[in-house]
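# Tertiary structure, described
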Amino acid sequence: LNGKATARANTNIALVKYWGKRDAALNLPAVGSLSLTLEGLSTRTSVAFDGKAAADSLLLNGEPADPRALGRIARFLDLVRARAGIKEHARVESANDFPTAAGLASSASAFAALALAATRAAGLSLDDRELSVLARRGSGSAARSIFGGFAEMQRGQRADGEDSFATPIASDWDIRLVIAATVTGPKSTLSTDGMRHTAETSPYYDAWVRMSEADLKTARDAIARHDLEALGTVTEASCLSMHASAMAARPAVVYFHGATIEGWRIIQELRKSGIPAWFTCDAGPHVKALTVAKHASEVEQALARLGRTWICKPGPRAEVLEVNA
Ligand code: 2P0
């Protein structure tokens, strides 16, 4: 087999966050989550299986990847090889269409693109649900990036994880997410490690997990009604609860920097002045604000002093760009 395929997937930002696993080996989340896939922040990945290659290889933005990243990709390719009944190693080339140095690099877009490219290169044709289950094995948030727009990740109940996948939420709501990349300081705790440590040591972890079902329902209902205030309120609350559970871990897992808190304050001030914007933040210091098209420029201007900014529209689903299997 010498199949080759290229796919592209966009990153996503969780409005209701994922933090914690119910099974580490199968990468099953302890909570469901709900996200918005973003336009303009995507990963493009080519996978070429090669009967002559002695091992898997990975070029990231044109540079050979470090052994840790390569190991993670090789283990993921093992899942695809097992499913396709093939043994060939692969050459993987992956590039982000946004500056990686800004610290916005995302395992969500990376593993969604890899799941699609690798399966097609291996001659497999998975449906969306199977793709989402597979992408989840690479990274929990990647299961959501198979879909465009809003998506909801199901926690699932089954031990084999076959009911833990994302589904799209049909919506024509033209919402905006403004990103302000703050500092690019020392690398923070990897989310996989941060969530394990939170689950093991934080006295607030159980409360965080208990809250998630209600937050998911609130967000789902708000999207159905195009109710920005309700969606923004639950987005900000879910984010701060997630970070509170992590900060209560012993020792603490703290992703916020000074600029993150400053961004949160700017967003509070915007709201007081009548501009609808709600804060969220992931496993890093960058500030993200949920708003609507009409106010996106004002929100961006207010956050611009923190660093480089992007205004993101809802983005498209993962797609195959080329296949030669
Ligand atoms: C999220 N994050 O829902 C949450 C909020 C970060 C903060 O999903 O261990 O890289 O690979 O499943 O998907 C980042 O975690 O974690 C993440 P793994 P992932 O977007």
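Note that the structure is a prediction, hence the values are computed from the model and not measured.

## Some thoughts on the packing of helix 5 (residues 205-225) against helix 6 (residues 228-247)
It is at 9 Å that the axes of helix 5 and helix 6 come closest, and there the two elements cross at 165°. The orientation of helix 5 relative to helix 6 falls into the category roughly antiparallel. Once helix 5 is placed against helix 6, the crossing between them reads as left-handed. Across the interface between the two elements, Tyr205, Trp208, Asp215, Thr218, Ala219, Ala222, Ile223 and Arg225 from helix 5 touch Ala230, Leu231, Val234, Ser238, Ser241, Met242 and Ser245 from helix 6. Per-class residue counts for the contact of helix 5 with helix 6 are 9 nonpolar, 4 polar and 2 charged.

## Thoughts on the sheet that holds strand 12 (residues 287-292)
Read across the open sheet, the 4 strands follow the order 11-12-10-13; overall the sheet is antiparallel. Where the open sheet ends on each side, the last strands, each with one partner, are strand 11 (278-280) and strand 13 (308-312). Between one strand axis and the next, the sheet turns through 25° on average, direction left out of account. As judged from the 3 bridges shared by strand 11 and strand 12, these two strands associate in the antiparallel manner. Note that in strand 12 the partner of Trp278 across the bridge is Leu290.

## Concerning the nonpolar core
Core analysis: the biggest nonpolar cluster contains 37 residues, and Val47, Phe49, Leu77, Val80, Val92 and Leu114 have the highest contact counts within it. Of all the secondary structure elements, the ones that give two or more residues to this core are strand 1 (4-16), strand 4 (33-50), helix 1 (67-84), strand 7 (89-96), helix 2 (107-121), helix 3 (128-138) and strand 8 (150-153). For this core, the leading source of residues is helix 2, giving 9 residues. Leu36, Phe98, Ala230 and Val234 belong to the second largest nonpolar core, which has 29 residues in total.

## Structural notes on empty space enclosed by the protein
Considering all chains together, one arrives at 1 cavity of 30 Å³ or more under this definition. Here the largest cavity is characterised by a volume of approximately 30 Å³. If you trace the largest cavity, you find it lined by Tyr18, Pro29, Val31, Ser33, Gly140, Arg144 and Met153. Looking at the lining of the largest cavity residue by residue, the classes come out as 4 nonpolar, 2 polar and 1 charged.

## Quick notes on the pattern of salt bridges
All chains considered together, the criterion is met by 18 salt bridges. Arg81 serves as the salt-bridge partner of Asp56, at 2.8 Å between the closest nitrogen and oxygen. Residue Asp56 is found in the loop between strand 4 and strand 5 (57-60), and its partner Arg81 is found in helix 1; the two are separated by 25 residues along the sequence. Exposure class is identical for Asp56 and Arg81. Each is buried. When the shortest N-O distance is used, the salt bridge between Asp193 and Arg196 registers 3.1 Å. Of this pair, Asp193 and Arg196 both sit in helix 4 (residues 191-201), 3 residues apart, which is roughly one turn of that helix. Arg196 sits in the partly exposed class, given a relative accessible area of 47%. A single salt-bridge network, built from bridges that share partners, covers Lys17, Asp282 and Lys288.

## Regarding the pairing of strand 12
Among the 6 residues of strand 12, 6 are classified as buried, and the element is accordingly described as predominantly covered. Here 6 bridges tie strand 10 (residues 175-181) to strand 12, and the two strands are oriented antiparallel to one another. Note that in strand 12 the partner of Arg176 across the bridge is Thr291. Once strand 11 ends, the chain turns through 6 residues before running back antiparallel as strand 12.

## Structural notes on the site of the ligand
Neighbouring residues of the ligand: 17 residues in total, closest Lys21, Ser139, Gly140, Ser141 and Thr192. The backbone of Gly140 places a nitrogen or oxygen atom 2.7 Å from an oxygen atom of the ligand. Measuring from an oxygen atom of the ligand, one finds a side-chain N or O atom of Ser141 at 2.7 Å. With 3 residues, helix 4 is the single largest residue contributor to the shell around the ligand. Split by residue class, the shell around the ligand holds 5 nonpolar, 7 polar and 5 charged.

## Focus on helix 4
For helix 4, the set of buried residues is Gly194, Met195 and Thr198. Across the axial projection of helix 4, the buried residues extend over an arc of 95°, all falling on one side.

What counts and how
- Residues numbered from 1 in each chain as written.
- Predicted model: local features only at pLDDT ≥ 70, side-chain atom pairs only at ≥ 80, totals over all residues.
- Heavy atoms only, no water.
- Axes fitted to C-alpha atoms, helices over the stretch in contact; angles between N-to-C directions.
- Helix = DSSP H or I, 4+ residues; strand = E, 2+ residues; numbered from the N terminus.
- Parallel < 35°, antiparallel > 145°, perpendicular 65-115°, else oblique.
- Left-handed = near helix turned anticlockwise from the far one by under 90°.
- Contact = heavy atoms within 4.5 Å.
- Nonpolar A, V, L, I, M, F, W, Y, C, P; charged D, E, K, R; others polar.
- Pairing = 2+ DSSP bridges.
- Core = buried A, V, L, I, M, F, W, Y, C linked by side-chain atoms within 4.5 Å.
- Buried < 20%, exposed > 50% of the residue type's maximum accessible area, 1.4 Å probe, protein only.
- 1 Å grid on protein atoms, 1.4 Å probe; cavity = no way out; pocket = protein on both sides within 12 Å on 5 of 7 lines; lining within 4 Å.
- Points joined across faces, edges and corners; volume = space filled by probe spheres on them.
- Salt bridge = Lys/Arg side-chain N within 4 Å of Asp/Glu carboxyl O.
- Near = heavy atom within 4 Å.
- Polar contact = N/O pair within 3.5 Å; in protein donor to acceptor, adjacent residues only side chain to side chain.
- Arc of directions from axis to C-beta.

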